[in-house]
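In case you want the letters, here they are:
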Amino acid sequence: MNNPIFTPKQYKSKLDVMETEIAIKKIKDCFENCFAEVLHVTKISAPMILKQGKGLNDNLNGVERTVSFDALDLDNSTVEIVQSLAKWKRVALARYGFSENEGIYTDMRAIRRDEILDNLHSLYVDQWDWEKVIAKDQRNLYTLKTEVLKIYDVMKATESFIKKLYPVLTPMLPEEINFITTKELEALYPHYSPKEREDIIAKKYGAVFIMQIGGELPSGQKHDGRSPDYDDWELNGDMIFWYPVLEKAIEISSMGIRVDESSLLYQLKAARKESRKSLEYHQLVLDGRLPYTIGGGIGQSRLCMFLLGKSHIGEVQSSVWDDQVIKDCKKNNIHLL
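The shown structure was predicted, so the numbers you read here are calculated from the model rather than taken from an experiment.

## A word on the sheet that holds strand β7 (residues 178–181)
Paired through their backbone hydrogen bonds, the strands of a sheet run either parallel or antiparallel.
Phase 1 of the analysis: Taking strand neighbours across the sheet as the criterion, the eight strands line up as β1-β5-β6-β11-β10-β9-β8-β7 in an open arrangement whose pairing is mixed. The open sheet has two free edges, formed respectively by β1 (41–43) and β7, since each of these has just one partner strand. In this sheet, adjacent strand axes meet at a mean angle of 25° when their direction is disregarded.
Phase 2 of the analysis: Sheet topology note: the strand β8 (residues 207–211)/strand β9 (residues 231–243) ladder contains five bridges and is antiparallel. Note that in β9 the partner of V208 across the bridge is I240.
Phase 3 of the analysis: In the packing of helix α2 (residues 86–96) onto the sheet, the strands contacted are β5 (103–111), β6 (124–133), β10 (248–258) and β11 (293–299), and the crossing angle to β6 comes to about 35°.

What follows is the structure in C-alpha cells.
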C-alpha cells in the first residue's frame, strides 16, 4: 500500500513543466561531465536485464523481489531486470582491464516492484552507478571519505550551475558535508528510530554521510539493511541531505568499498546466506579473480528533485502512480510528468 504523500502548505513549483524538463537535462549533463572528470571514470553501456542464477543482480536489502521473465529465444531461460549494478560493475572492471584509481560509470535504469511509493520512492529507478579499482591497502575509511568529498563537490558545483540558470531556485547545500557512523548516531540518539536519527542529524548539519550500514548496532538492531555480498558493512555509507521542502532527510547516494574474500564470508554467515557462496560472482570474489573496488549509486531523479525544489519524485520522472496519488497531487499543485 502506498504511503500518504506529503503536501507542503501552499506548494507551487518554481519552474513550470517545460522549464522543469529542460532543467532536468541541464542538471544531468552538468553533473555527468563534472563527475567523470573529478572521479576519473569513463561512461560505459549498462544492461537492463541479467541472467538469473549468476549472483550478479543487486539483492538490495535481501528481501525485495526482482522482476523476472522467461525469454523465448534464450531456450526459455529466466532473466531479471536489474535492481542496481553493484556487482555487475565489478565484473565489468575486470573484463575491461581497468587499472587502480580508474573506473566506470553507467546510466542505470531499474524497476523495483516492492518499493513503497511516496514522495521519494517510485517503481522506476534511475541512477548514476559508478565503480573504481583500488588497491587492497586502500580498503579503509580514508579512501571512502575522499571519494565522498569529491562527489559532494560535484553536487555543490551542479547546484551553483543550475542556480545561475534559474535564479528563482534556492541553494540548500552547506559548504561541507559531515561524517558520522551508525554507532555514533545511535549513541547520540538512543531513543529514536534509525530514520528519526537521520532526520535529526541531517537537519543539524544540512549534509551528512552516515557510515557503517548493514551490521548490528550495540542495541542489537540494524540502522538499515544491506545485502551481504557487495558493500563491506564497515566501509560503506549513505549520503543524506536535509530537505526543507519535505521537512525530512533525503538519501541521495549509497556507496561503499566492496567486499573482499574475508568480509564476504563473514557477512554471508551473519546474514545466513552462505548458500550464495556457490554462485558465479561469489566464487570470483572468493578466488581473488576480481579487483578490489569502491563504488555506489547516485539517484538522478532524487538529485534533480532536490536541486529544483520539487515536492514529489513524479515531478522529475515519468512513472506509474495509483489514482489516489494522481488525484492528491493535482489537488495540491503537484504536476506529475
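## What about the nonpolar core?
Phase 1 of the analysis: Ranked by size, the top nonpolar core spans 55 residues in total, and within it F35, W130, I151, M155, F241, I298 and L308 carry the most contacts.
Phase 2 of the analysis: Discounting residues that sit within four places of it in the chain, M155 has contacts with F31, L173, M239, F241, I252, I298 and L303.
Phase 3 of the analysis: The next biggest cluster of nonpolar side chains, apart from the first, holds twelve residues, and it includes I44, V82, M108 and V125.

## What about the UniProt feature "domain: Aminoacyl-transfer RNA synthetases class-II family profile" (unreviewed entry) in the protein chain?
Phase 1 of the analysis: This chain's UniProt record puts "domain: Aminoacyl-transfer RNA synthetases class-II family profile" (unreviewed entry) on residues 102–328.
Phase 2 of the analysis: Between the end C-alpha atoms of residues 102–328 there is a gap of 46 Å, over a span that is 33% helix and 26% strand.

## Overview of the side chain of Q127
Phase 1 of the analysis: Looking at the element boundaries, Q127 is found in strand β6.
Phase 2 of the analysis: Look past the residues within four positions of Q127 in its chain and what remains in contact with it is S84, T106, D107, M108, R109, R112, G297, I298, G299 and Q300.

## A few points about a nonpolar patch on the surface
Phase 1 of the analysis: Residues M48, I49 and F69 make up a contiguous nonpolar surface patch of roughly 270 Å² in combined accessible area.
Phase 2 of the analysis: Tracing the chain through its elements places F69 in strand β3 (residues 68–71).

## Here's the deal with the sheet that holds β3
Phase 1 of the analysis: Strand order in this open sheet of three strands is β2-β4-β3, and the pairing throughout is antiparallel. For this open sheet the edge positions go to β2 (49–51) and β3, each flanked by a neighbour on one side alone. Neighbouring strand axes in the sheet, compared pairwise and without regard to direction, differ in orientation by 40° on average.
Phase 2 of the analysis: In the sheet, β2 pairs with strand β4 (residues 77–81) via three bridges, with the strands oriented antiparallel. Within β4, the position partnered with I49 by the bridge is I81.

Parameters at a glance
Residues numbered from 1 in each chain as written. Predicted model: local features only at pLDDT ≥ 70, side-chain atom pairs only at ≥ 80, totals over all residues. Heavy atoms only, no water. Pairing = 2+ DSSP bridges. Helix = DSSP H or I, 4+ residues; strand = E, 2+ residues; numbered from the N terminus. Axes fitted to C-alpha atoms, helices over the stretch in contact; angles between N-to-C directions. Contact = heavy atoms within 4.5 Å. Core = buried A, V, L, I, M, F, W, Y, C linked by side-chain atoms within 4.5 Å. Buried < 20%, exposed > 50% of the residue type's maximum accessible area, 1.4 Å probe, protein only. UniProt positions renumbered as here; feature names shortened; annotations may be inferred. Patch = residues over 30% accessible without salt bridge, like charges linked within 9 Å, V, L, I, M, F, W, Y side chains within 5 Å. Areas by Shrake-Rupley, 256 points an atom, 1.4 Å probe, with all protein chains shown as cover. Salt bridge = Lys/Arg side-chain N within 4 Å of Asp/Glu carboxyl O.

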